[in-house]
Amino acid sequence: MSLRGRQRPPKLERLESVMSRFSGSLDQDDLQDDPEELDLSGHTDLCGGKLLLQCVFASISDLIGQLTSQHTAFIMSEGEIKEHIVSSNIQLSSIQVPGWCYISRRSANPGAGDRGGQIHVYKELSHGNFKWKIKRRFKHFQALHQELLKFKALLKIPLPSRIHSVKRRSFKGRKRFQGGHTPTLPRRPDALVKEEQLISRKLQLEDYLRNILKRPLYRTHPTTLEFLEVSQISFIQDLGPKGIEGLILKKSGGNTFPVCYWCGSNSVCYRWSKRWLVVKDSFVLYMRPEDGQVGTVILYDKGFHIKIGTRETGVRHGVTIENLCRALTIKCSTYRQARWWGHSIDEFSQMFGQDFLRENRHGSFTPVRENTTSKWFVNAAGYFDALADALEGAKEEIFITAWWLSPEIFLKRPVVDGNMWRLDHVLKRKAQQGVKIFVLLYKEVEVVMGLNSEYTKKTLMGLHSNIRQSVATVEEGEEMKFNLIVEEIQTGEGGDSGSVEDPGEICVSFTLPIEEEEQGENKHHSRNSLNSRTPLTRECYTKSSSLHSSDSYYLGLHHSLPLPYETSSLRSYIGSTELCGETRFWHGKDYCNFILKDWVKLNKPFDDFIDRYKTPRMPWHDIGVVVHGKAARDIARHFIQRWNFTKLVKKRSGVTCYPCLMPKSLSAPMVPAEYHGKSTQANVQVLRSVCQWSIGSKVHEESIHLAYVSAIQNSKHFIYIENQFFISCADKSIHNSIGDALTERILRAYRERKTFRVYVVMPLLPGFEGDISSGGGQAIKAIMYFNYRTMCRGERSIIERLKCVMADCWIKYISFCGLRTHADLDGRLVTELIYVHSKLMIVDDCTVIIGSANINDRSMLGKRDSEMAVVVEDTEFQPSVMDGESYQAGRFALSLREECFRLVLGLLGDNIDISDPISDRFYKEIWMVTAAKNASVYDKVFRCLPTDAVLNYKILKDYMSRPCMAAEDPAQACTELKKIRGFLVQFPLYFLSEENLFPSFNSKEGMMPIELWT
């Protein structure tokens, strides 16, 4: 082959060859300071013959020229990790433990005396509040010394580039480092060190490292950082204490689902990759050495454990780090190194991660958090207002997860500040301020549901780059309410605002799985009225001697308006400027009645899709909660687990733009809670329903279900439930046991002859499109079938089982109710049910469960929908009354229960005593009488559905053919409606009781699996 045809080696390789020969001639015991020596800022391109960017963490070296005596912080582009550089603040000291010498000899031949062994140096290092331990042999010191020698020699090579000439000239005039003697490494190898020389040897090695760390030239070298086990995330205060770190070889695979497209087995097709492993107080992660990109975050959980050795791991000198979602196998060079890694990780996790490693109450992934600041919200007025303020106060990150999210929703109403409080404008404003926003949405099946998540995703990603890389969609069928986590504040489950979430599905927390609805805060209305229009100014919220709502604005029922016979119609009352937009409460799709017509064209949020002059808006009722501190970080941890698993699933489809997230440490500083209004200190535990499809876990979690059952079984006086569904009582098709627990608890009270009450409030009709008045609405009837099966129809129902023991006395123990309201719509009296969307249970005025989980199998079993909730147990008590006797009630539970009772009973402006929820006076004379009277008046005036007067389709047809009083005699109807108090009505237990409500098999609903409805 001709010389012309030969391929010359790259310049860098030739330079490395020359330098290898050159460094071999150097005195390897000294790293002498050169008068022209400078920080690494002038030579960040070479490192011992290798590109710096190929060293452990080259991004650190890029900033060395900016180092001062304090560490430098900066933000990574991947994962937004705050990075800190090691500085001269690092201190060394030998660890001393009785009975051990941490400069120890491990003799290869016990009979060889004090020669021929290996010396292991254990060092404890500190940097500020961070302390960690490293284990090194003399050969590691030699390798470090050799790399630093090569690096220093390279600095003296006059590379023929202008930039290096300029940098070399900048070195001149620099003074020699004036601190201590030059670093010198002992010459004598381990085998020649005598026992009596160990102390001297220890001091020499300490002195060597101490002097290395005093010099920025060596301190920030990648080899030094690797020797000290320091990376970009070592000293981030929010991530907690520092554990063991280092380069490892990682085996691919290990997830709960196969990642090999060819054979489907991780044990057959795999590869080994070099990664940097980091151990923290609640997780283990690895990242790529080249760019610091985080590959996987393994959270501590009750299945977290370490395996060491060939037999356990299947890999020679292997270590397996395993939790319920992932098994990570790493390969070490020796068994001793593998044992050191395994024992270090296990010891560190046991020391700091017990909150997540132990078996927690109800099988939850988190323990009870004591002294947690908590606050409840009834409906959306206060909730969305607090949500907007929390978003506005965000400094670092915002997590949002939602089953359905409308970017254009207004968080504060009426709209008097333009678009300032519109959700997309708020998020864009925070993104421009540098806040990172992560949104996890449900990706619906478009032929079944028209949520248009693609529109939401594109809208949010188009706002700002801090949102662009942070929107992911979940493809499985789950339900998550619009939940928000802003730093340490967690807002949970709330009401809907028309376009926030679909009625009929479940959702939850994150931070983000929440929903809220109607806004407002006028608590001075009188009793009952649903109005479909909104006034232009707050001056319009005036009292009237006619019908009013006890909290109509609170429920999104707008304000009180005079009825036709008093003034004028709603249209003339508001005037010609009514549709001008900026001061309306319900914009575009916010004005909805989904039983009449489901949402369409959600990409046009401000276009009406129903006639506001003919169709009343269906108001929603919901409950929300906000928690602070460790409980909020638990919810953020759940979001992070969901996000990272979604990222893993997306990665399989080629999507790699989503960063891995890491949970903040529970030991990290937390911002004190600041709420407007009253808040309470209580014990809070985060609960959830998850399984393999949602987080990749090998076992499912149903802690919400277990918490419900436990609270019911341990109740002593009463249970108050609000829920969107009520499908329970286990048999072959239903598996959750909440209904069974309620039945057994009532039977126990009956046998013990004790007073016990159960209040259940639920929607009068399920939230699906359909006309029940004509016998249609197959989806509505399917849900009604299972609701009635739980309440009163069939031998497994609650009432039928109670009747078998106590005949008709069951009515003394349990009450089923719904909510309804009425209004004047353009001169016509109309009525509409209030859709109960809350998921609430209050027990004995001491325990509260609020979340996204419906009472059905989909939410409770943990194997289907993804849900989240919190159980709040009071620690602050106040005097109250229970069954006529003095009682210490919890502040959180009592205040929430009284607010709910006063709202639905129309007592917000009255001083009627409702402190005793189980007395005969309250249960019979107030609750039962109010519900029965209201239901009777609504049936008389509007002939509304559902009603106990309709037992079959024949009666239904005749019932709907007759005109109602509201149409024939509006004046008399108004007189009757004055008898209405609040919104509470009895649930019609006999509606269509003679018909089989389960969809026929020749309908598409009938062909669906039963699991869809339960």
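Residues numbered from 1 in each chain as written. Predicted model: local features only at pLDDT ≥ 70, side-chain atom pairs only at ≥ 80, totals over all residues. Heavy atoms only, no water.

### Some thoughts on helix α21 (residues 798-806)
At step 1: Of the residues making up α21, those classed as buried are Ile798, Ile799, Arg801, Leu802 and Met806. The buried residues of α21 occupy one face: seen down the axis, they fall within an arc of 160°.
At step 2: At its buried positions, α21 is contacted by α19 (738-752), α20 (778-791) and β28 (814-825).
At step 3: Put simply, Ser797 is the residue that caps the front of α21, since its side-chain oxygen is 3.4 Å from the backbone nitrogen of Glu800.
At step 4: In the segment just after α21, Ala807 is the residue with positive phi, at about 55°. (Buried < 20%, exposed > 50% of the residue type's maximum accessible area, 1.4 Å probe, protein only. Helix = DSSP H or I, 4+ residues; strand = E, 2+ residues; numbered from the N terminus. Arc of directions from axis to C-beta. Contact = heavy atoms within 4.5 Å. Polar contact = N/O pair within 3.5 Å; in protein donor to acceptor, adjacent residues only side chain to side chain.)

### Overview of the confidence of the model for the protein chain
At step 1: For the protein chain, mean pLDDT is 77; residues scoring 70 or higher make up 71% of the total.
At step 2: Overall, residues 92-116 carries pLDDT values under 50, and its contacts beyond four positions in sequence, including any with other chains, amount to 54 contacts. (pLDDT = per-residue confidence, 0-100.)

### Notes on the packing of aromatic side chains
At step 1: Following the criterion strictly, the structure yields 35 aromatic pairs and no others.
At step 2: Summarising the aromatic geometry, the rings of Trp620 and Tyr835 are spaced 5.0 Å apart at their centres and angled 50° between planes, so their arrangement reads as tilted. Placement of Trp620 in strand β22 (residues 620-621) and of Tyr835 in strand β30 (residues 835-836) is noted, with a sequence separation of 215 residues between them. We note that Trp620, like Tyr835, is buried.
At step 3: With a centroid separation of 6.3 Å and an interplanar angle of 45°, the aromatic rings of Phe922 and Trp927 are classed as tilted.
At step 4: Cluster of aromatic residues (ring-pair linked, three or more members): Tyr720, Tyr759, Phe901, Phe922, Tyr923 and Trp927.
At step 5: The side chain of Lys331 reaches across the aromatic face of Trp272, ending 4.3 Å from its centre. (Phe/Tyr/Trp six-rings, centres within 6.5 Å; stacked < 30°, edge-to-face > 60°. Lys NZ or Arg CZ within 6 Å of the ring centre and 35° of its normal.)

### Some details on the pattern of salt bridges
At step 1: The full count for this structure, using the stated rule, is 32 salt bridges.
At step 2: Arg358 is the salt-bridge partner of Asp355, the closest N and O atoms lying 3.3 Å from each other.
At step 3: For the salt bridge of Asp731 with Arg789, the shortest nitrogen-to-oxygen distance reads 2.6 Å. With Asp731 in the loop between β26 (718-722) and α19 and Arg789 in helix α20, this residue pair connects regions lying 58 residues apart in the sequence.
At step 4: Classification of Asp731 as partly exposed rests on a relative accessible area of 30%.
At step 5: Classification of Arg789 as buried rests on a relative accessible area of 9%. (Salt bridge = Lys/Arg side-chain N within 4 Å of Asp/Glu carboxyl O.)

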